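Now for the letters of each chain:
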Amino acid sequence: MEDQGEVASYIPELAKVDPANFGVHISTIDHRHFGSGNCYDKFSIQSIAKVLALVMAYRIVGDEIWNRVGVEPSGTAFNSLVQLETDRGIPRNPFLNAGAIVVSDILLSKLKNPREDFIAFVRSITNNTSLDYSRRIAQSEKEVGYRNVALCNFIKSFGQINNEPVDVLDFYYDLCSLEMSCQELSGLFLFLANNGCDVKSKNPVLSESQSKRINALMQTCGFYDESGDFAFKVGLPGKSGVGGGIIAVHPDQYAIAVWSPRLNKKGNSYRGMKFLEEFTTRSELSIF
Ligand code: GLN
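All values reported here derive from a predicted model rather than from experimental measurement.

The rules behind the values
Residues numbered from 1 in each chain as written. Predicted model: local features only at pLDDT ≥ 70, side-chain atom pairs only at ≥ 80, totals over all residues. Helix = DSSP H or I, 4+ residues; strand = E, 2+ residues; numbered from the N terminus. Expected span 1.5 Å × (residues − 1). Buried ≥ 20, exposed ≤ 12 C-beta atoms within 10 Å, placed from the backbone. Contact = placed C-beta atoms within 7 Å. Axes fitted to C-alpha atoms, helices over the stretch in contact; angles between N-to-C directions. Parallel < 35°, antiparallel > 145°, perpendicular 65-115°, else oblique. Left-handed = near helix turned anticlockwise from the far one by under 90°. Nonpolar A, V, L, I, M, F, W, Y, C, P; charged D, E, K, R; others polar. Near = placed C-beta within 6 Å. pLDDT = per-residue confidence, 0-100. UniProt positions renumbered as here; feature names shortened; annotations may be inferred.

Time to look at helix H1 (residues 49–61). In this model, H1 (13 residues) spans 18 Å end to end at C-alpha, consistent with the 18 Å of a helix rising 1.5 Å per residue. By the criterion of burial, H1 is predominantly enclosed, with 10 of the 13 residues buried. The complete set of buried residues in H1 reads Ala49, Lys50, Val51, Leu52, Ala53, Leu54, Val55, Met56, Ala57 and Tyr58. Buried residues along H1 sit against helix H3 (97–110), helix H4 (114–126), helix H7 (165–176), helix H9 (208–221) and strand E6 (238–240). Looking one or two places after H1, you find Gly62, whose phi comes out positive at around 65 degrees.

Shown next as structure tokens:
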């Protein structure tokens, strides 16, 4: 399949990844699993972790969370500052960097040991104890995180961040540094295809209505200013990360993860999007 674009280089450690990697893995709610290519190699999931942070915060504070972050597509880049001025520090949605920084602030206020509690939550969803942060990636991002420092301080100037920016950002960089393979990612996100319940244990991670809302947000905001294009071409709720990963969910059927590090101009995996477009077109397995 044709490949284009560039590997993310603004985080120095991400620039070292081999651009030729390509992996895909699908997990279905009736326990079928198929993978191909580098589907067992771990990669940096970056902004895909924003969904997991939102899920954890939503469980803890419920619908109050929507007082701190909006639910509208922004039509802007993932790291944009512009709307925060008119919106007085309330990010348009939780998948922008600004939104995920606010969600990180909420978790920091609510959790006793945020770093440990968050990873324990992620591991507990599918009982996968091998999931972990990468100190190397988090440190690399922190060293050049000027834009996120600006976002966090700007939001705090409107009184919408309660903790110290340095602590909020350390936690945010940890979230973004999570590493997973496509196989692990598709297994982990399967609860969003299963009305919020883990498919094996049947334990609810979210209520049915909360799960619907997370999927709706992924559909409308998961690819920043390319969310419309992803809905148009792929037709699934999904979320991308600058590590080149994409997770997409078909409610009541499956979760699919794809990884290809070269990114298009909007910061989404070029080949990942192309692959998913082909996949849902040929299989006729989109939600539309
Ligand atoms: N950690 C990255 C950042 O804050 C996440 C961006 C992304 O994956 N779109 O810039």
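A separate point is the packing of H1 against H9. Contact geometry of H1 with H9 gives a least axis separation of 11 Å together with a crossing angle of 150 degrees. It follows from the interaxial angle that H1 and H9 lie roughly antiparallel. Both H1 and H9 take part in a crossing whose hand is right-handed. Listed contacts from H9 to Val51, Leu54, Val55 and Tyr58 of H1 are Gln210, Ile214 and Met218. Considered class by class, the residues forming the contact of H1 with H9 number six nonpolar, one polar and no charged.

The next point concerns the site of the ligand. Gln46, Ser47, Phe78, Asn79, Asn97, Glu141, Asn148, Cys176, Gly241, Val242 and Gly267 make up every residue found near the ligand. A class-by-class count of the residues in the shell around the ligand yields three nonpolar, seven polar and one charged.

Here Glu116 lies in helix H4. With 10 C-beta atoms packed within 10 Å, Glu116 lands in the exposed category.

This paragraph deals with the confidence of the model for the chain. For the chain, per-residue confidence averages 97 on the pLDDT scale, and residues scoring 70 or more make up 100% of the total. Complex prediction metrics read pTM 0.98 and ipTM 0.95.

Our focus in this paragraph is the packing of helix H5 (residues 135–143) against H7. Between H5 and H7, the least distance of the axes is 8 Å, while the angle of their chain directions is 130 degrees. Compared by their axis directions, H5 and H7 come out oblique. With respect to the hand of their crossing, H5 and H7 are arranged in right-handed fashion. Residues Ala138, Glu141 and Lys142 of H5 form the contact with H7, whose participating residues are Tyr173, Asp174 and Cys176. Counted by class, the contact of H5 with H7 contains three nonpolar, no polar and three charged residues.

With that settled, consider the UniProt feature "binding site: substrate" (unreviewed entry) in the chain. Those places that UniProt annotates as "binding site: substrate" (unreviewed entry) correspond, in this numbering, to Ser47, Asn97, Glu141, Asn148, Tyr172, Tyr224 and Val242. Note that Glu141 resides in helix H5. Using a count of 25 C-beta atoms within 10 Å as the deciding quantity, one classes Glu141 as buried. With residues up to four places along the chain from it excluded, the contact list for Glu141 reads Ile11, Tyr173 and Cys176. Mapped onto the secondary structure, Tyr172 falls in helix H7. Taking the C-beta count within 10 Å as the criterion, Tyr172 has 30 such neighbours and is therefore assigned buried. Setting aside residues up to four positions removed in sequence, Tyr172 forms contacts with Ala100, Ile101, Ser104 and Asn148.

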